[in-house]
Amino acid sequence: FVHLLINILTRIAQIDGTITREETTIIVGFFRDHLRYSTSQLHWVREQMKQARRSETDLQLLLNEFKERFAYEPRLILLELIYQVLFTKPVVPEPELRLAREIGGFLAISAYDQQRIESRYTMRQRQAATREEDYYQVLGVEPGAGFDRIKAAYRQLSQQYHPDKVAHLGEEFRKVAEEKMKEINQAYHHLKKNSGQA
């Protein structure tokens, strides 16, 4: 189970030519969080992933072996993990989604279960995109603005909403300013990180 799972998930992560840190985290995280692997066992998982990267075994052969050897529930777990790996990307390309659906069909996952899994991840992706837009809105800049513009807006808002600026107006105003500053800081740090400025 473990060997096949690692090989299939590594192959899925490699679809676009590279395996990202996020994809590796999803795969290793499954063994750490769900199977309670120890540090040495997780090291073994990483070694297996390295070997899987170099392997030329066809994905179809791996999936076929998985389908023949395991019942419905392990196949369902595999499909869930495939979606987790794919949805580490901000936007999953349509061909990759189509591949996940084809794999679900091949593994004889019911249409209901497959739709349920995919809907959960597409909904999370939409929510993340909405949050991203909200962060730009908090800082009063257009979506996709450059980091210099984000930084300038942050500095201006920080001066306007700094709790010290309204302290003389009473405790209520200071609390409102503090909440607003938390919101501004959260938006700024998120956009700063996404701009590669972390």
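The following paragraphs examine the structure supplied in this document. (Residues numbered from 1 in each chain as written. Predicted model: local features only at pLDDT ≥ 70, side-chain atom pairs only at ≥ 80, totals over all residues. Heavy atoms only, no water.)

### A few points about the environment of Thr-57
Then step 1. Within the secondary structure, Thr-57 sits in the loop between helix 3 (39-54) and helix 4 (59-69).
Then step 2. According to the relative accessible area criterion, Thr-57 is partly exposed, its value standing at 34%.
Then step 3. Thr-57 sits 50 residues away from Asn-7 along the chain, and the two C-alpha atoms are 8.8 Å apart.
Then step 4. In this structure Thr-57 touches Arg-11 and Leu-62, once residues within four positions along its chain are discounted.
Then step 5. A polar contact of 3.0 Å, which involves the side chain of Thr-57, links it to the side chain of Ser-55. (Helix = DSSP H or I, 4+ residues; strand = E, 2+ residues; numbered from the N terminus. Buried < 20%, exposed > 50% of the residue type's maximum accessible area, 1.4 Å probe, protein only. Contact = heavy atoms within 4.5 Å. Polar contact = N/O pair within 3.5 Å; in protein donor to acceptor, adjacent residues only side chain to side chain.)

### A closer look at the packing of helix 1 (residues 2-13) against helix 4
Then step 1. For the pair helix 1 and helix 4, interaxial distance at closest approach is 10 Å and the crossing angle is 145°. Helix 1 and helix 4 meet at a crossing whose hand is left-handed. Facing Leu-4, Leu-5, Asn-7, Ile-8, Arg-11 and Ile-12 of helix 1, the residues of helix 4 in contact are Leu-59, Leu-62, Leu-63, Glu-65, Phe-66 and Arg-69.
Then step 2. In terms of residue class, the contact of helix 1 with helix 4 is made up of 8 nonpolar, 1 polar and 3 charged. (Axes fitted to C-alpha atoms, helices over the stretch in contact; angles between N-to-C directions. Left-handed = near helix turned anticlockwise from the far one by under 90°. Nonpolar A, V, L, I, M, F, W, Y, C, P; charged D, E, K, R; others polar.)

### Focus on a nonpolar patch on the surface
Then step 1. There is a patch of nonpolar side chains on the surface, built from Phe-1, Leu-35 and Ile-77 and spanning about 210 Å² of accessible area.
Then step 2. Looking at the secondary structure, you find Ile-77 in helix 5 (residues 72-86).
Then step 3. With a relative accessible area of 37%, Ile-77 lands in the partly exposed category. (Patch = residues over 30% accessible without salt bridge, like charges linked within 9 Å, V, L, I, M, F, W, Y side chains within 5 Å. Areas by Shrake-Rupley, 256 points an atom, 1.4 Å probe, with all protein chains shown as cover. Salt bridge = Lys/Arg side-chain N within 4 Å of Asp/Glu carboxyl O.)

### Quick notes on helix 1
Then step 1. The end-to-end C-alpha separation of helix 1 is 16 Å, in line with the 16 Å expected for 12 residues at 1.5 Å each.
Then step 2. Burial of helix 1 is extensive: 11 of the 12 residues sit out of reach of the surface.
Then step 3. Looking at helix 1, one finds that the buried residues are Val-2, Leu-4, Leu-5, Ile-6, Asn-7, Ile-8, Leu-9, Thr-10, Arg-11, Ile-12 and Ala-13.
Then step 4. For helix 1, the elements touching its buried residues are helix 2 (21-33), helix 3, helix 4, helix 5 and helix 6 (94-106). (Expected span 1.5 Å × (residues − 1).)

### Brief notes about the side chain of Thr-10
Then step 1. Tracing the backbone through its elements, the reader meets Thr-10 in helix 1.
Then step 2. The residues touching Thr-10, leaving out its near neighbours within four places in the chain, are Ile-19, Ile-27, Met-49, Ala-52 and Arg-53.

### Some thoughts on the packing of aromatic side chains
Then step 1. Counted under the stated rule, the structure contains 10 aromatic pairs.
Then step 2. Relative to Phe-70, the ring of Phe-1 has its centre 5.4 Å away and its plane inclined at 80°; by these criteria the two rings are edge-to-face. Placement of the pair is Phe-1 in the segment before helix 1 and Phe-70 in the loop between helix 4 and helix 5, with a sequence separation of 69 residues.
Then step 3. Judged by its relative accessible area of 30%, Phe-1 is partly exposed.
Then step 4. Plain terms: the ring middles of Tyr-83 and Phe-87 are 6.3 Å apart, the flat faces sit at 25° to each other, and that makes the pair stacked. Like Phe-87, Tyr-83 is buried.
Then step 5. Through a chain of ring-to-ring contacts, the aromatic side chains of Phe-1, Phe-66 and Phe-70 assemble into a single cluster. (Phe/Tyr/Trp six-rings, centres within 6.5 Å; stacked < 30°, edge-to-face > 60°.)

Don't take any of this as a statement about function, it's just geometry.
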